[in-house]
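Report on the structure
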Number of protein chains: 4
Amino acid sequence: MKRSFASDNNAPIAPEILAAILEANHGDAVGYGRDEWTQRAIGRFREHFGERTDVYFAFNGTGANVVALSCVTKPWEAVLCPLTAHLQTDECGAFERFTGSKVIPIPTRDGKLRIADLEPYLHAGHDEHHPQPRVISISQSTEYGDVYEPDEVRELCAFAHARGLYVHVDGARISNAAAALGTTPRALTVDLGVDILTFGGTKNGLMFGEAICFFDPTLAANVAPFARKQGMQLASKMRYVAAQFEALLTEDRWLRYASHANAMAARLLERIRTIEGVRITRNARCNAIFATMDRAAIARAQERVFFYTFDEALPEVRWMTHWATTEDDIDDFVLAVKESLAT
Amino acid sequence: MKRSFASDNNAPIAPEILAAILEANHGDAVGYGRDEWTQRAIGRFREHFGERTDVYFAFNGTGANVVALSCVTKPWEAVLCPLTAHLQTDECGAFERFTGSKVIPIPTRDGKLRIADLEPYLHAGHDEHHPQPRVISISQSTEYGDVYEPDEVRELCAFAHARGLYVHVDGARISNAAAALGTTPRALTVDLGVDILTFGGTKNGLMFGEAICFFDPTLAANVAPFARKQGMQLASKMRYVAAQFEALLTEDRWLRYASHANAMAARLLERIRTIEGVRITRNARCNAIFATMDRAAIARAQERVFFYTFDEALPEVRWMTHWATTEDDIDDFVLAVKESLAT
Amino acid sequence: MKRSFASDNNAPIAPEILAAILEANHGDAVGYGRDEWTQRAIGRFREHFGERTDVYFAFNGTGANVVALSCVTKPWEAVLCPLTAHLQTDECGAFERFTGSKVIPIPTRDGKLRIADLEPYLHAGHDEHHPQPRVISISQSTEYGDVYEPDEVRELCAFAHARGLYVHVDGARISNAAAALGTTPRALTVDLGVDILTFGGTKNGLMFGEAICFFDPTLAANVAPFARKQGMQLASKMRYVAAQFEALLTEDRWLRYASHANAMAARLLERIRTIEGVRITRNARCNAIFATMDRAAIARAQERVFFYTFDEALPEVRWMTHWATTEDDIDDFVLAVKESLAT
Amino acid sequence: MKRSFASDNNAPIAPEILAAILEANHGDAVGYGRDEWTQRAIGRFREHFGERTDVYFAFNGTGANVVALSCVTKPWEAVLCPLTAHLQTDECGAFERFTGSKVIPIPTRDGKLRIADLEPYLHAGHDEHHPQPRVISISQSTEYGDVYEPDEVRELCAFAHARGLYVHVDGARISNAAAALGTTPRALTVDLGVDILTFGGTKNGLMFGEAICFFDPTLAANVAPFARKQGMQLASKMRYVAAQFEALLTEDRWLRYASHANAMAARLLERIRTIEGVRITRNARCNAIFATMDRAAIARAQERVFFYTFDEALPEVRWMTHWATTEDDIDDFVLAVKESLAT
């Protein structure tokens, strides 16, 4: 398959990550996380996010989000998130099925949740007739490739905490957000008051693997191990997940991969925004570009390159880059789009 | 307690219903619906709704809605309903907890779901990443005391069926809607293509009891008995639920009670709409009036009569009437409101 | 229908209970338990069980058991009960469906759970691979009409508490047990260390209604209202459940009804145990007699009187009495059995 | 870590499997199984099990069992399995949590379920009060390292099908069973009537990965994709799971790894059974040996080699071998046990 622009999960494993898997493959190791790789990887997370960070590896993004949120919600407590959140639109109701709780989707202007959006959803009664809001969940970067500024997250956290709510960040692409903002995942989460982060690996160079981080170790210590097991996210050969994360969090690889993906998207944006017939639809700052063009041109381009139509109605397409996308890939892709429009 | 204007569930049991309970209280009866009262009550439903009607009694409205919908949704199938639906706002996520399925709340102009509102929610992919729409649920009368016209329901049904979806009517107040429209519950449901109705008893003179009606007997025959039992809605002494419904569906009592409640609301509307300081906020045609007035006046009125502030933001209040509300009650209430405003 | 010997839930409503319903039927009342009847009924429970008793009314026995147990179990925590418990055999998995938790059924000699039966089930690991025992649930009287002696319950409670477990009593027939032992429901529960009781009404003269009693008000105060609502057990016209319980707990009616039921069973036992062809199979001390007789004779008897074959294998039948069973009923029944055997 | 005798999931990745991962790591690939590796791996399964086989990869054993069983059980339908089944004892109630259904654990003599064990559990009523048996689940090899003979499975299947039940095989170690019996996984499953198999990879040389096989493609085609997604078992970078299975099912590697593991266990058994102080407790024919010895000797041995005490009561230990266990490992282990006993 030629380079895909469909999703960062179409990418291969980054070489340093693969090397870490190979290196972990010596001799026997105790299962279920009681191995040295897991201990070291957790240590790396604590270096990055602080010593109080409680870390649980999971298989995939849906698993990580659902297990993380399940730890802090009772069945009558609800998660508030943007209408466009992955949790709401792309996880097939896994959260509802696992917890019985309600996700309350909130319309937003651009995929970013703001206090004014949230407020009307907090007026429902506090009695037993109504699901009780418990967590605010946002995606950083957003589903539209944009980022929350640190101040925006800080305000959401203050707003949430004042009402007894937790803040969860779906960080499938937290590294891309940090790269875009020239900062660190820590500076975008725990330092701003975020309570729970699902830190993405799969979309940033790993074979598979996500990490649930609770920034207060008392939050889920007695709960998360059971929730992860019941959520079918407990890997027996945990060393192979852990070794990948250890490698990712070493020598700033998380940043290198994400920065590269972002830079490729920036290159794409720069070259494609001026093409007649292409209209950029979103303020994308990470590794995704959203655009609209003629429906027939989209079809022609999709014959040459694999990417998704994100919203059939407009139509709006999404083009994603990743750690392995090259400048030549971008240039080939731009050419393909141009020719599709020209025909 | 003086007359309440808070809800039709504040009403006592209507005398003919109570008489039916007394009459049922002779000797022993087999439990769980294998008794003669249940058979007769089911027969009454079939007289009203057609011979193919499959009927299951439940304890309360939440139970009836949840059991009914659970019979036709797999855990990855979703129910589409207005954002204001009782199912979404007032059942504390009971549906999600019982089924693991998702409710997809749809914003509407006035609490009535229209095809244009629905369409954007049917564009999501048909693959495993997205909850699959399965049922459209509407309330008749609506949560705002309005009614769907027969044509509106017919169109929704045609739209739904063309897409393989079912239509469910939350009929906690279906009798009030039928009374308002001068027609029958049948003419508002099965005759228009509705697949499932939860027919309300509690709010129309019963002590307790709702009836789930499947209009296609193959829809849930192997499912509903188990769903009702697991939903903890199976009464052992079923005769006492059944006897009430038998009485309600006899001699048009359902209509008499509902018409009276509607008439009292109409009287209230007529007298109160012209009071300075009261603004009617909804197009109410059944037994609920929505209005706004000065916050302090609301508080003063609530000291004299029990009713709810429905939406604190506006603020909007709801005034409900029921089978036992009298003309004097209305006149007293209007006076109370007037004096609250005057002070 | 002639007198049934199938179940105490085949009985009609006792006259004093019905009178209480009639008396409650005046004027309007706030819904969902914020009425004076509910407050008085809760007061009666506190008189009987102590001031710290936290009471929640539910519609039926399955609902009461499931809501009660759900309040103290996380989804990975298990309820241990006899293999023969109603919770395990007759509630269609409602507990598992509502909570996702596991019921661990324990074989017993005679339906009574003893410490020696329990012990092997407490050796499983305390890690995330295994459901963690959280509650021991017993039925008083047992499913076989026998009773636990106070000392047996006290020992179970001490055993449970020493291991951080709660003790729940399914008291659908707690009144029969208290009557049989010449004591009170309190002396059989809170005074022995029981943490949670579901106090039965339906099988002891009520139209419907069960009461969940938490004996430590901190146990479920923030949980039970939501669990009851999500469990679809919250009656809107609560006064009619409450009024029944108020009546039942007044002038020792609970005891009178249960004593009468027990006395009728004792009379039946005395007359039937000496009939050739009838073998009593269980040590029944309350209102149920278990026996075996010739399969053809059972069939003939069932043509004349309604009762259940409890276990087809043996075959074993169950004969139950209730508050309304008369001496004549017993004598007629004994005659029917005799004649069925003689044919 | 020295060689572990705790579990076959303590093993590293087999070299041919790792090579397949490396080979898959070129360029981009569409996510979620729409890639060429997945298609080829499914093809391999069809070569092995027949063209009608419907295959879904999952992350781990709990996930594979739960998703597989969820596809054929409604929430009121139950799975019957041995009391000792992994599903019952080691999956932390994940099945109950995901489905709301009941697992009915059946005591057996030796971990093998026989028709005589099953029969009493099929007499419960067919009405809504009782969970309805729907699937019989057995483990091949068993949790005690023994195997079902083909005739035993054939009889179970005939018994099940005659009652409308499905048969599921938890085949976490199906390869070890096939190796022990000198046959193929196919000859132990679809050819005998088995309906569903979870085919184990993790314990037979893979990094991670299990495969759910439905042998009738109509059984779950519309259900399994959604169940897997909701069960959080859908890998985005599916090629890396698929490539491993493709390699495992090529050149009889599944057999080579499993045969080696079994042979190492046989060598261990031969050398250890005659040691004074060791008593073999189970008829083990695959890669697990169960034994009892002095509690102090166990503790001493565990200081030198990592293995689990399976049952603290006896005490009974489990010693497992795997594809990477060597003859020297066995000899060292035997020495360690001997010296532990001698001290």
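Residues numbered from 1 in each chain as written. Chains lettered and ligands numbered in written order. Predicted model: local features only at pLDDT ≥ 70, side-chain atom pairs only at ≥ 80, totals over all residues. Heavy atoms only, no water.

The next subject is the relation of the copies chain A and chain C. Rotating chain A by 180° and translating it 0.0 Å along the rotation axis places it on chain C, where the RMSD comes to 0.0 Å. Within this description, the copies of the chain are treated as partners about a two-fold rotation axis. (Least-squares fit on C-alpha atoms with pLDDT ≥ 70 in both.)

With that settled, consider the interface of chain A and chain D. Counting residues at the interface gives 53 residues for chain A, matched by 53 residues for chain D. With both sides pooled, the region where chain A packs onto chain D buries about 4,600 Å², and carbon together with sulfur makes up 55% of that total. Linking chain A to chain D there are 2 salt bridges. A salt bridge links arginine 3 of chain D to aspartate 28 of chain A; the shortest N-O distance between them is 2.3 Å. Inspection of the chain A/chain D interface yields 38 residue pairs in polar contact (both at pLDDT 80 or more). Partitioning the side of chain A that touches chain D into residue classes produces 24 nonpolar, 19 polar and 10 charged. (Contact = heavy atoms within 4.5 Å. Buried area = accessible area lost by both parts, 1.4 Å probe. Salt bridge = Lys/Arg side-chain N within 4 Å of Asp/Glu carboxyl O. Polar contact = N/O pair within 3.5 Å; in protein donor to acceptor, adjacent residues only side chain to side chain. Nonpolar A, V, L, I, M, F, W, Y, C, P; charged D, E, K, R; others polar.)

With that settled, the discussion passes to the domain arrangement of chain A. All names here are of chain A. Along its sequence, chain A is organised into domain 1 (16-248) and domain 2 (253-342). Between the C-alpha centres of domain 1 and domain 2 there is a distance of 28 Å. Contacts between domain 1 and domain 2 engage 25 residues on the former and 22 residues on the latter. Between domain 1 and domain 2, the buried area comes to about 1,900 Å², and carbon and sulfur atoms account for 53% of it. Broken down residue by residue, the surface that domain 1 buries against domain 2 is led by Glu16, Tyr144 and Asn176, which jointly contribute 29%. Between glutamate 16 and arginine 256 there is a salt bridge whose closest N-O contact spans 3.0 Å. Of all elements in the fold, only α1 (15-24), α8 (174-181) and α11 (239-248) reach the threshold of two or more residues within the side of domain 1 that touches domain 2. When residues in the side of domain 1 that touches domain 2 are grouped by element, the largest group, 7 residues, is from α8. For the side of domain 1 that touches domain 2, the residue count by class is 11 nonpolar, 9 polar and 5 charged. (Domains from an automatic or database assignment. Helix = DSSP H or I, 4+ residues; strand = E, 2+ residues; numbered from the N terminus.)

Enumeration according to the criterion identifies 88 aromatic pairs over all chains in this entry. The positively charged end of arginine 97 of chain C is found above the aromatic ring belonging to phenylalanine 98 of chain B, 3.7 Å away from the centroid. Over the face of the ring belonging to phenylalanine 159 of chain C we find arginine 163 of chain C, whose NZ or CZ atom lies 3.8 Å from the ring centre. (Phe/Tyr/Trp six-rings, centres within 6.5 Å; stacked < 30°, edge-to-face > 60°. Lys NZ or Arg CZ within 6 Å of the ring centre and 35° of its normal.)

Turning our attention to helix α10 (residues 239-248) of chain B. All names here are of chain B. When you tally the buried positions in α10, you get 10 out of 10 residues, the bulk of the element. Considered for burial, the residues of α10 that qualify are Arg239, Tyr240, Val241, Ala242, Ala243, Gln244, Phe245, Glu246, Ala247 and Leu248. Where α10 is buried, its residues meet α1 (15-24), α2 (36-49), β1 (54-58), β6 (196-200), β7 (210-214) and α11 (253-272). (Buried < 20%, exposed > 50% of the residue type's maximum accessible area, 1.4 Å probe, protein only.)

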